[in-house]
Amino acid sequence: MRAITVLFYSCFPLAILASSAAAQTLTEQLVAEGVTRVASAAREKGDAVRGAIIFSQQKMNCVKCHQTGAQDLLGPDLTQLSRETTDVYIVESLLMPSKVIKEGYGAVKILTEDGIAMTGRVLRQDDQTIVLRDNSESGRQITLAKETLERLEPSELSAMPADLANQLSNRQQFLDLSKYLMDLAASSDPSGRSIELRDIDTAIPDRLHGIALIDRLRCVGCHDGELQQPVPFAAAPDLSNASARIDPEYLKQYIQDPHRLKPGTSMPNVMGHLDESTRRENVEAIVAYLQSRSEGTFHRDAVDDAAAKRGEQTFHEVGCVACHSPRDASGKETLETDSAALGDVASKYSLASLTQFLEDPHAIRPSGRMPNLKLTHWEAVDLASYLISNPSRELKQNSATEHDSTSTLDPKLVKRGAQSYVALGCAFCHESEIGRPVDRPFASLSDLPQQLNSGCLSSDANRRVRYELSESQKESIVNALANQSKQLTMKQQLTTAMVAMRCYQCHQRDGVGGVSIERDPYFQSDDPNLGPQGRIPPTLTNVGSKLKPKWMRQVLVSGRAIRPYVKTRMPQYGLPNIEPLIDLFQESDELSAHAWAEIKDVKEAKKIGSDLVGSNGLNCVACHTFQQKPAQTMQAVDLTEMAERLQRDWFEIYMRNPQTLSPGTVMPSFWPGGKAIRSEILDGDTDQQIATLWTYLQDGRQARQPRGVVIEPMELLAGKEAVMLRRNYQGIGRRGIGVGYSSKVNLTFDAEQLRLASLWRGEFVDPGAAWRGQGSGSVRPLSRDVTRFPSGPDLDSVANPWIVDEGRPPRHQFKGYRLDSQRRPAFRYRFDEVDVEDYLVDRGEIPSSTVSLRRSIRLTTAEPRDGLRFRIAASDKAIEQVDDSTFRLSNGLRVQVLSQTPAEMTEADGRSQLVIPLNLPAGDTVLEVSYQW
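Residues numbered from 1 in each chain as written. Predicted model: local features only at pLDDT ≥ 70, side-chain atom pairs only at ≥ 80, totals over all residues. Heavy atoms only, no water.

A. Region of the structure containing empty space enclosed by the protein. Enumeration over the complete set of coordinates arrives at three cavities of 30 Å³ or more. Of the voids in this model, the second largest cavity is the one considered here, and its volume is about 40 Å³. Surrounding the second largest cavity, V621, H624, F626, K629, P630, A631, Q632, G708 and V709 form its lining. Residue classes in the lining of the second largest cavity are distributed as five nonpolar, three polar and one charged. (1 Å grid on protein atoms, 1.4 Å probe; cavity = no way out; pocket = protein on both sides within 12 Å on 5 of 7 lines; lining within 4 Å. Points joined across faces, edges and corners; volume = space filled by probe spheres on them. Nonpolar A, V, L, I, M, F, W, Y, C, P; charged D, E, K, R; others polar.)

Next up, the structure:
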């Protein structure tokens, strides 16, 4: 453990001593210091690597507005600034963004005739429309008709927030961020980009939509033909045990009119040409035939409400709503017209049968259009409980709770059902006992009429096979049939396969698809620091040039994952259904070939690569997991899997300019404009540095562990004087103040909620997580026996106390503190018109059993004030009263009231509390309390 002895509280800003300075924000402090002085300090003392990490963190959200290569965001591409951009301009832009707004990036305020107000940057406009980049959190691009605008006026405020610096922990972080921006400006290349991407189509051709529809509707079940489809055509569900899984009453009504019971289904109505009596007879016979092929009995189980509640969360979290409609609290679908049909699941399945299906959907639907979401058994139970607890419509007849599959079947009815099953065409999609018919009495795909309103596309209500298709869907099918002789290109095959497998519901590729705005809230992450890339499935643009084929196979076929923080799961489609995609991605994506730098001394390169990855280099381990050891700042993908996953060309290009290949990534650029930030390593040779990194990563899990992965604990020690550290403390937040006394008793004070937050005896704190983690970590007390007191101010009203939350009590104001000759603080704050000075001093020496902390609380008021209380201790368990003035907490800490004002034991929020009731006279009142170990 590395010990740091602090004889002076240099880690604590001097300005905090003054009451006026104590209330200053970081922005106000830096402005007061002067932008010229701050810019000079950033140039001399800023760390660009730490600044790059800060720039990319979600809490700063810089990449929302500034991305390399982006043209239409709220802010400019910072690598394309003028080389004459000064350090002072950069600092001034951070602290006072509205003082000088870069030309072309001014904002406008808009009010529509519907009363909708918005602010944003105008991207382009003509006489009819205006295209706006919204300044809200979503940052969406919005097109508005000018005739709908009631008011449009320029805004004097920059889109960049004026309090940006206040998101940082301290002055050093601001210097680091500024230094990184200075390096970006110095490396700018206004002449253009060093990397060019191929042209892309931003829409899926209508013909490809038609092929996907022909696949979904299973037209090839009835029609022969050579329609080009890169993945196996969709197969109908296996009905061999249907009536044991599905309520027979549901089967009857679904077969008779599938579109009524399940709007949007791909199952056609094959009885539209029959009269009602004949339809009923055929339905009864077919269901009897299906029952004869089933083993077991359909019966319903009771649904557990708690399981259904958990299932609701699962449904909206793991990825079901990527294809199916989300539901509101009542179970009503909210995106029904833009989702895959789910139908009345509650009327169809039993709890047991739906659970079984969700655990292994490919057993019933082998073509993988319903993917396997890798649910555990109990997740499947919860999800099934939720889905069957919300029926969307009633069956015409009440379903019996149990149906015997075989006991009452009429053999003649079963035989007739088998005949109808074949005659009506069911066997062309669903296998029967005799298999699918070999001879198909239907025209081949190449001979089908290539026009609307004919055959299956006819609008005739009495046609033999009836689908419910929109006019645009029919047009797409006709387009596909008319062009079926034209061979699909590799790219078209890939697009068709992605449409068929619904990949575009989650993934964006070449500007197409991706998570819609309506579904965006359902994609969540366990690590918010990673921003959108921590919750949104990754782009598939150039994925074939990014991932090695072996790794891609492991992801698509075996379900291997490297992003455990993404709650939406990558589903499994089954090897035969998804395998063609692997070759299509690899053959469709190709980056321009490069001759990358060669490594002459591999052993030395691995050593330097370890230094680059470590905390003294580019500090990759601050964000990336290493050998499954979590990073301090966020949990980005494991570095030791990089070389196994990635192809060399993609890695080299990405390192130089991450935003080019992954817009919006939180990965910082350490070689902006091709210039290395760490110029002292390998003489700043960008090519050699990146090649060295690649060489180092080749060792995978066996790679030499870099500095910074295992954090050596730091110990902050008090010398002859007390030491103070203001940082982020667990249970307090960023306004925590730790105090270590020379006699080895310690405390934390909450300057946000004005309370004594904790006490402990022994060594002081380990500040490593806060100092090394870009301000995101918490200071850790060096003791397992810490007495923690509850949130909420110590001094408050009895009749009208503040309702405790995570904020600041509105009637309290922190006024700083004063220090005595041994640097021991007296905290000062105000409640209404009462001024408080809370002064704590240590008594005794370790290991003496009489060591104590004496607390003197001076309350001053000009007018008498009644009905107050001052909390001096609290415990999760009952507090024991030893005598009239002494109390003992459950961990043995003794609290003694030394003044004449007695203490009382009360209960609040399930905790025992020790409080002193107060009716204050005008003038000073002093409370004396001792805490003894």
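B. Fine view of the packing of helix α24 (residues 602-613) against helix α28 (residues 686-697). As a packed pair, α24 and α28 sit with axes 8 Å apart at the nearest point and diverge in direction by 100°. Accordingly, the angle class assigned to the pair α24 and α28 is roughly perpendicular. Together, V602, A605, K606, I608, G609, S610, L612 and V613 of α24 and Q689, T692, L693, T695 and Y696 of α28 make up the contact between the two elements. Split by residue class, the contact of α24 with α28 holds seven nonpolar, five polar and one charged. (Axes fitted to C-alpha atoms, helices over the stretch in contact; angles between N-to-C directions. Helix = DSSP H or I, 4+ residues; strand = E, 2+ residues; numbered from the N terminus. Parallel < 35°, antiparallel > 145°, perpendicular 65-115°, else oblique. Contact = heavy atoms within 4.5 Å.)

C. Broad picture of the pattern of salt bridges. What the rule picks out here adds up to 54 salt bridges. The closest approach of N and O atoms between R369 and D215, which form a salt bridge, is 2.8 Å. Of this pair, R369 sits in the loop between α15 (351-359) and α16 (377-388) while D215 sits in helix α8 (residues 206-216), and the two are 154 residues apart along the sequence. Across the pair E249 and K252 runs a salt bridge, and its minimum N-O distance is 3.8 Å. Of this pair, E249 and K252 both sit in helix α10 (residues 248-256), three residues apart, which is roughly one turn of the helix. The class of E249 is buried, set by a relative accessible area of 13%. (Salt bridge = Lys/Arg side-chain N within 4 Å of Asp/Glu carboxyl O. Buried < 20%, exposed > 50% of the residue type's maximum accessible area, 1.4 Å probe, protein only.)

D. Summary view of the environment of P549. With respect to the element layout, P549 can be found in helix α22 (residues 549-558). Since its relative accessible area comes to 41%, P549 is described here as partly exposed. Between the alpha carbons of P549 and I582 there is a distance of 6.7 Å; along the sequence they are 33 residues apart.

E. Broad picture of the sheet that holds strand β15 (residues 755-761). On the basis of which strands lie adjacent, the open sheet formed by five strands has the order β12-β13-β14-β15-β18 and antiparallel pairing. Only two strands of the sheet have a single partner each, and these edge strands are β12 (723-729) and β18 (786-788). Within the sheet, the average angular offset between the axes of one strand and its neighbour, ignoring direction, is 20°. As paired strands, strand β13 (residues 733-740) and strand β14 (residues 745-750) are joined by five bridges and run antiparallel to one another. Looking at the pairing, G740 lines up with N746 of β14. (Pairing = 2+ DSSP bridges.)

F. The arrangement of the packing of helix α26 (residues 648-656) against α28 in detail. Viewed as axis vectors pointing N to C, α26 and α28 meet at an angle of 130°, and their least axial separation amounts to 11 Å. As summarised for this structure, α26 and α28 are arranged oblique, according to the angle between their axes. Judged by the twist between their axes, the crossing of α26 over α28 is right-handed. Contact residues: R648, F651, E652, M655 and R656 in α26; T686, D687, I690, A691, L693, W694 and L697 in α28. Of the residues in the contact of α26 with α28, the class split is seven nonpolar, one polar and four charged. (Left-handed = near helix turned anticlockwise from the far one by under 90°.)

G. Spatial organisation of unusual backbone geometry. Even without being glycine, N542 reaches a positive phi, approximately 65°. With respect to the secondary-structure elements, N542 resides in the loop between β10 (512-513) and α21 (543-546). Looking at N542, the relative accessible area reads 5%, which means it is buried. Positive phi, close to 50°, is recorded for Q627, a residue that is not glycine. Relative to the assigned elements, Q627 resides in the loop between α24 and α25 (642-645).

H. Structural view of the confidence of the model for the protein. Here the protein averages 84 in pLDDT, and 86% of its residues register 70 or above. Under a pLDDT of 50 for its full length, residues 396-401 has, in the predicted model, ten contacts with residues more than four places off or in other chains. (pLDDT = per-residue confidence, 0-100.)

I. Layout of the sheet that holds strand β4 (residues 129-134). Here we have five strands laid out as an open sheet, ordered β5-β4-β3-β2-β6, and antiparallel in their pairing. Taken across any chain shown, the strands that pair with only one partner, and hence form the sheet edges, are β5 (141-145) and β6 (149-154). If you compare each strand with its neighbour and ignore which way they point, the axes differ by 40° on average.

J. Examining α26 more closely. When you tally the buried positions in α26, you get seven out of nine residues, the bulk of the element. For α26, the complete set of buried residues consists of W650, F651, E652, I653, Y654, M655 and R656. Where α26 is buried, its residues contact α21, α27 (658-661) and α28.

K. Up close: the packing of aromatic side chains. Overall, the coordinates contain 13 aromatic pairs when judged by the stated rule. Consider the rings of F428 and F442, whose centres lie 5.4 Å apart with planes at 75°: the pair is edge-to-face. One end of the pair, F428, is in helix α18 (residues 426-429); the other, F442, is in the loop between α18 and α19 (471-482), and 14 residues separate them in sequence. A residue is classified by how much of its surface remains accessible, and F442, at 27% relative accessible area, is partly exposed. Ring centres of F749 and F827 lie 4.1 Å apart, and the angle between their planes is 5°; this geometry places the pair in the stacked category. Placement of the pair is F749 in strand β14 and F827 in strand β21 (residues 825-831), with a sequence separation of 78 residues. This pair shows no difference in class: F749 is buried, exactly as F827 is. Among the aromatic residues, those joined into a ring-pair cluster are F749, F814, Y817, F827 and Y829. A cation over an aromatic ring shows up here: R327 above the ring of F315, its NZ or CZ 5.7 Å from the ring centre. The ring of Y839 has R818 lying over it, and the distance from NZ or CZ to the ring centre is 5.0 Å. (Phe/Tyr/Trp six-rings, centres within 6.5 Å; stacked < 30°, edge-to-face > 60°. Lys NZ or Arg CZ within 6 Å of the ring centre and 35° of its normal.)

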